[in-house]
Every structure is written in C-alpha cells, then in structure tokens.
Amino acid sequence: MKNRTLSVMAALLLLSLRSLSAQAQTNQPQPNAEGTHSATATPAPEWPKGPQAPKGAPNVVLILIDDVGFSATATFGGAITTPTFDGLARQGLRYNEFHVNSLCSPTRAALLSGRNNHEVGFGTVAEAASGYPGYNAQWGKNAASLAEVLKANGYSTAAFGKWHNTPLWETTSAGPFDRWPTGRGFEHFYGFIQGADNQYYPRLFRDTVPVEPGSTPQEGYNLTTDIANDAIRWLHAHDGIAPDKPFFLYFAPGAVHTPLQVSKQWIDKYKGHFDQGWDKLREETFARQKQLGVIPANAELTPRPAGLPAWDSLSADEQQLVAHQAEVFAGFAEQADYEVGRVLQAIREEGKSDNTLVLEIFGDNGGSAEGGIEGTDLLNDAGAPATVPERLAVSDELGSEVFMNHYAAAWAWALGTPFQGTKQDASHLGGTRDPLVISWPARIKNTGGLRSQFQHVNDVAPTIYEAAGIKFPDTFEGIQQIPLEGSSFLYTFDHPDEPSHHHVQYFATSGNRAIYKDGWWAGDRYAWTWEPKGAFTLGPHTDLDRHPWELYNLNDDYSQAHDLAAKYPEKLKELQVLFNQEAERNHAYPLIPTLAQQPSSFNGRTVFVFREGVERLPNRVGPQLVGRPHQINADVVIPASGGDGVILAQGSRYGGYTLFIKDRHVIYEVNAYGKRAGRIVSTEPLAPGPAHIELQVTPDAATPNAGALTILGPRGIRPGKVQLNVNGTQQEEEFANILGASPTETLDVGSDLGSPVSTEYASPNRFTGSIKTVTIELK
C-alpha cells in the first residue's frame, strides 16, 4: 500500500512538472508576422537583492571594556597582565591621545552614534536622566547608529554585554523597544540593559526577551564568560550560514565596572602585587610608561590630589584590606582580557582575522573612584562600611557573589597615571583619556607603532565608515540626519606624524567641564568623584563655579602638570567662550540637571494590581515601597500538597523584601544591606484552598527622615511595624529596619529571580500554588 501511494504521488508530480513546462513555453514571446519577437518579451525571473556590502569591506569588532584607567594594563605600562591587548598592539597600533566622555552612557552614545553625547540625550547615565534635551536619554532616529548604517549597507550585526543607552522607564517587558539594541540596528543582542550588573546573577536579555543564566555561581557561572560564549556561538553560526557577508560585532562586557566579581583563580595571580600601595604604583607605572614609549619623554608625573590619603598614612590592616581590593580588580581585568581573546581566537579559527578590523578601547572613562575613600564591601546595619577589622575578616570573599564590592578611590587615581582625575572628572585627562588599540592585518603594515593625534570617541564611527567604504547618508530611513561630529582617523594608519583632524572638542560630565582646541585644554573641576557631589546626588547644584578654571598646553605638557591660567588669561578667556558656544550648541546646559521623577506608567498611582507572570520589573521603575507606609494583599490558592514559594519579592541578597510561603506558613522578611532586618511568620499553617493574605508596613513615625535618599535608593536605618493578617488571623512584629532595597535586581510575582532576598530558599523558588492577584497600595 505504501509503495502504491508513493507511485501515485510521483505520477502526479510528473504531470504537474509537464504542465508547468508547457505553460512556460506558452508564455514565451511568440514570433509576429515578420518572424521577429515582440518587444514586450517577458523578462527572466530575478529575486530582489538585499543590501550588499562594499567589495572588500572588513569585518568589524568593536570592544569596550568598562571603568579602566589609562595606565591599568601592561600594554600601557600598568601592573595588570593583558596578553590579548598586548597581542593586538603588536600586530596593530596603540593610540595614547584617545579621549572618552568620563562616564558610561555618554561614552557609549558617542561611540555608537558618531555624535556628541548631549546631542543624543546622554549628558549623563540613563539612570540619572532628566527632562532636558541633552540629558533625557532620548536617542532619536535623526542620529542613526553605527549598527543601523552598517546593517543597511550589507553587514550582519550583533551586540554582547552592557548596553546602557535605553531610558530606564523603557527597560520593562512592556517596551517600547526602539531604543534597545535591536531597535538601534543590532540584529542580535545578549547582555544586560542597565549600567551595572552582578557577574553571578545578571538580569540578562536575549534580544528583548528576559532570560536567566544557564547555571548558578556554585556551578561556575560567570557573566563575562557567558557573553563570550554567546558571541562565539554567533560567530560560528554566521560563518556557517553566511561566510562571505561581513559582520559587525560589538563586545562590551560589564567588566571591570563594580561589582568587582571574579573567581579566586584570577585574583590569586595578583597576591602581593599591590602591597607597595598606590603612591609607589604610580611611580613604577610612570617609569614603565617611559620605557615603553607610550608617553612622551618629557611627560611629568602629577601629584596626589588633596583628599586622597597617602599610602603610608594607612594602618597595616587598612593597607592589607585595600591592597586586596586592587588584587580583585586586577584579576577581574585580566579575565576580561582573556575572554576577549577567546572571541578573537574564534575569528582566527574561521580564517577571518586578516580582514577583520578590531578596535579595543580599554575603558569608557577613567578609573572609578565611586567606591569612596575606603572602598565598599561589608556594610553595617545602616548601610555604611563596617569597621576595618570586620571587613578584613571577610576579605577573602571579595570577588565572590557575597559582595557588590568596589576598590578605594586612590586606586582609580593610581590606574590613571600620569594624569590628574578619575571617572566623572571631565576637566582632567585622568577621567577622559583611555588607551585604544587597533588591529587590521590586511591594512595596517606599520605594526607595533604608536599614534599620538588627538582623537575622541565620536571619531570611531566615521573611521569605521571610511574603512568599510560607506558614505554616511544625509537622510536615513527618510529622516534627515544630524551631521557626524567626529572625523575619521583612518589616515593615521599610514601617516603617523600627520596632525590631528579633530580640532575642537568639549567635555561636560557631572558638573566638571573642559574644552580642547588644537592642543590647548581649559578645564573647570566641580568635584572630585569621591566627594559627595556629582551626577548621583539629588541637588540642586548652585556652586558649579566654586573652583577656578585651569589651562594647559598639551603640546608641551602631556600630563597636565602645569596650569597656565595665570600666565595666559586671554587664552583661557578665549577657550571659556568656546566652551560656552559648544555647550549651548550641543545642549550641555544645565551642567548638572536636578534629578526629578522620570516618566513611568507607575507615576501618580497608589494602587498596583499584579498577577502571575509579572517578573523582572526594574526596582526604580515599579512601585516605590521602601521606607513608605504600604499594604500588600495577596489572594492565592494553596494546593493539596506543596504550596511553597515566593508570592512577591523585590531586591536581592544585598537588600530587599520578600513575601513567601514555607512549610505552609506565610513569611515576610526584610533584608537590609545583606542582613535580615526583620521577619514575621504566620502562627497557623495554611490549609489547602483559597487564602487571603494582608501585610501592612508602617514606618516609625519618630524617624520620618531616617535614611538618606540617593539615586540607588534609601540608605540608613528606619524601624517599622509590620502587621500580618492571614485568613483573618492577625499578628504584628517590630522590624529593626524596613529600608531593604537593591539597585540591580527586580520585582517578581510568583518567584524571586536573580539572587534570593532570603537565605531560607534558593532562587527562583517559584510558588507551586496559584496566584490570583497581588495588590500593592501606597498609604
């Protein structure tokens, strides 16, 4: 029967083919009376063609490492081993006058757009966006991205790692998604959207879909390794399917941004390497830089600024603690270099490296002094650093999932040798100058060389366009484009001594400002990053002119060692006028906008109703309960067996609150700064069937202003009373602190994703009953 059926099908197929052949012959142009064919002959079939890349266009790999100073890597004289970065430098070129915007989102916006950061709404980080054109995080379609243009010109595009260019209120599952990576030209994205994330419990997205890590920290999970693995898989798929199509791969790991988290195998490589302290490290690095020739022979080492302690002023315990902080950072940085190497090795194995243009920027700003004078790790009950002996006792756990740790501010300064300044300081080179290495074996013949033309991060996109043979369009997808601000520096490959084509550049971050013009630099520092001022304070800021402007001739003074403001007042005045013109043209005013409530669908509401399926709601977007009186009502159904799990959780192991059921008892717990600050447990076990749970949190009226409000949420101690009512049975407990919050994790209904708020369960601890509704009411 089976063979007969196949025979019938074959016969029918043959008849169909004959019919099609006859029809095709009938449709052929027929001779007319004169024996010639008609002019209306049917053309040969032809498929529409998609965009084709220019012939010989290179693959492009753009690598951006996070929060690393100019002198951190051995490639530029530092103490951290970076063999991948070294290898690229040997087969390519080093750039020692490459500049960034001294803060994460601003640098990335300029890098990926080719415009000044304020032009595309990123005068500050997305988390601090405000309603001014230069700060609203609204990167418009009138500024097409590098990925969009390359894609339109025949490239495949993919991004991996940190994004940080989407408004915070658009990072939920409700979108919109037009300012996500996939909305800005990347056909694939795997990574995290906000400015920082946990290396062990990241809030990952695949394109726009939230996904959880494939393993746990105990099983060896690490974010940087994960995104490298995904990038390699993408490369392999691309090579197998479209080997002749050029690709653009953007690789931007969260390393080496806080939290400084990496396994001990990397940290142990640096044991004892920083025991000499930051002052001596600067001197050693400076000497190596001179030997390598990565700074001019006449460069001078700038002194330690007031406010940072001398290494010798620290106690032995303090030195031991902060030296280990630097060891963790160094291990984290070397691991990032290793993972970059694995991605590049995959390209070599595919035989694609010769015509692959690799640009690696080892830092999106200067070293980060945001850890404060002491660094951060173990916190006390008020969210401030614990005592040095307490911190030292647990310091072996730095780098693990236990802490969201950061190093002491003076390390950031030391890793920016020979300059003044750190991250957020746009007035000095320590915040704005980072190492760049470019490799392109098929094109760069003068390998191992050094280039010293002034360049800015907004020059990268124009350089890639020229390398790919692409003319940037005046209009893109029907929208008139803002002209590119940067200019290509492809000429530097063959003309090492040609003067820079980039003549003027302003800088403005966190109230700190500067202007560059043809070798002259004028800057005005508002605050050092370790001071309690800047982008992450609530303002208002009325003292922006509290320090005098400084003036430097970078043609003769590479490291800004000699302030010439008093000697050349007219030159300073000229540059101040130019700064004002550029700042106004690019919407850089106000220099520090006062932080205000950002747009959100939750604004103005006091009642929020959630059902199962609401997960991964960013803490700063959803209901703001912490420290405020509120009530939570949950209607659930308990099954005949089981019934454990989380009903509602917000936060992480580093802070938050959770309402869950364990062994049929309802439990509410607050975690403040990684410690249990209060817990209430229902007295009676739940019976199978419907259950109604009411929870009321009332802050202590005697401490209405306790807990300092910061961009990361409340800090401090605020006691409170918690009342729990389960099916009519009421009880209450006093909580030592109700300020349980975490900036990096989320609100989840029916689970606790990421790291668990409570030590009584492991994530995700999904509720095994059913949830009808969870209602939150702000009182």
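Scroll up to find the structure.
Overview of the structure. Note on numbering: residues in each chain are counted from 1, in written sequence order. Given that the model is predicted, a residue must reach a pLDDT of at least 70 before its local features are reported, and side-chain atom pairs must reach 80 or more before they are shown or counted; all residues, however, enter totals for whole chains, interfaces and linings. Side-chain metrics in this entry use all non-hydrogen atoms of the structure; hydrogen atoms and water are not considered.

What follows is about the overall build of the protein. Where helices and strands are cited, they refer to DSSP runs of H or I of at least four residues and of E of at least two residues respectively, numbered from the N terminus. What the protein contains, in helices and strands, is 13 helices and 32 strands. Atoms counted for the radius of gyration: C-alpha only. Globule rule: 2.2 Å times residue count to the power 0.38. Taking 779 residues into account, the globule formula puts the C-alpha radius of gyration at 28 Å, and the protein, at 29 Å, falls close to it. Split into buried and exposed, the 779 residues of the protein put 58% on the buried side. Contacts are residue-level and defined by heavy atoms, with any inter-residue pair within 4.5 Å sufficient. Sequence-distant contacts, at least 24 apart, represent 74% of the contacts inside the protein between residues at least 6 apart. Values of accessible area rely on a 1.4 Å probe in the Shrake-Rupley scheme; residue burial ignores everything except the protein chains shown. When the accessible surface of the protein is totalled, it reaches about 30300 Å², and 53% of it is carbon and sulfur. Each residue is placed in one exposure class: buried if its accessible area under a 1.4 Å probe, protein chains only, is under 20% of its type's maximum, exposed if it is over 50%, and partly exposed if it falls in between.

In the sections that follow, a salt bridge refers to a side-chain nitrogen of Lys or Arg positioned within 4 Å of a carboxyl oxygen of Asp or Glu. All chains considered together, the criterion is met by 35 salt bridges. As a salt-bridge pair, Lys423 and Asp67 come within 3.1 Å of each other at their nearest N and O atoms. Of this pair, Lys423 sits in the loop between α10 (409-414) and α11 (429-432) while Asp67 is found in the loop between β1 (59-65) and α2 (83-90), placing the two residues 356 residues apart along the sequence. Across the pair, exposure class does not vary: Lys423 and Asp67 are buried alike. Taken together, the salt bridges that share partners define one network made up of Lys662, Glu669, Arg676, Arg679 and Glu760.

A word on the pairing of strand β25 (residues 675-681). When strand β24 (residues 665-672) meets β25, the two strands line up antiparallel, connected through six bridges. Bridge pairing links Ile667 to Val681 in β25. Note: two strands are recorded as paired if DSSP finds a minimum of 2 bridges between them.

Within a regular strand, the side chains alternate between the two sheet faces. As paired elements, strand β29 (residues 720-726) and strand β30 (residues 729-735) share seven bridges and run antiparallel to each other. Opposite Gly720, over in β30, you have Phe735 as the bridge partner. Joining the antiparallel neighbours β29 and β30 is a turn of two residues, in which Asn727 adopts a positive phi near 50 degrees.

Of all the 10 residues making up helix α3 (residues 104-113), 10 are buried; the element is thus mostly covered by neighbouring parts of the structure. Taken together, the buried positions of α3 are occupied by Cys104, Ser105, Pro106, Thr107, Arg108, Ala109, Ala110, Leu111, Leu112 and Ser113. One or two positions beyond α3, positive phi appears at Gly114, with a value near 80 degrees.

One recurring pattern in soluble globular proteins is that nonpolar side chains are buried together. One finds Phe160, Leu249, Phe251, Val256, Trp278 and Trp411 to be the most contacted residues of the largest nonpolar core, which totals 86 residues. Other than its neighbours up to four places away in sequence, Trp411 contacts Phe274, Gly277, Trp278, Leu281, Trp311, Val322, Ala323, Gln325 and Ala326. Listed in part, the 58 residues of the second largest apolar core include Ala109, Trp180, Phe186 and Ala468. Residues belong to one nonpolar core when they are buried, are Ala, Val, Leu, Ile, Met, Phe, Trp, Tyr or Cys, and are joined through side-chain atoms within 4.5 Å.

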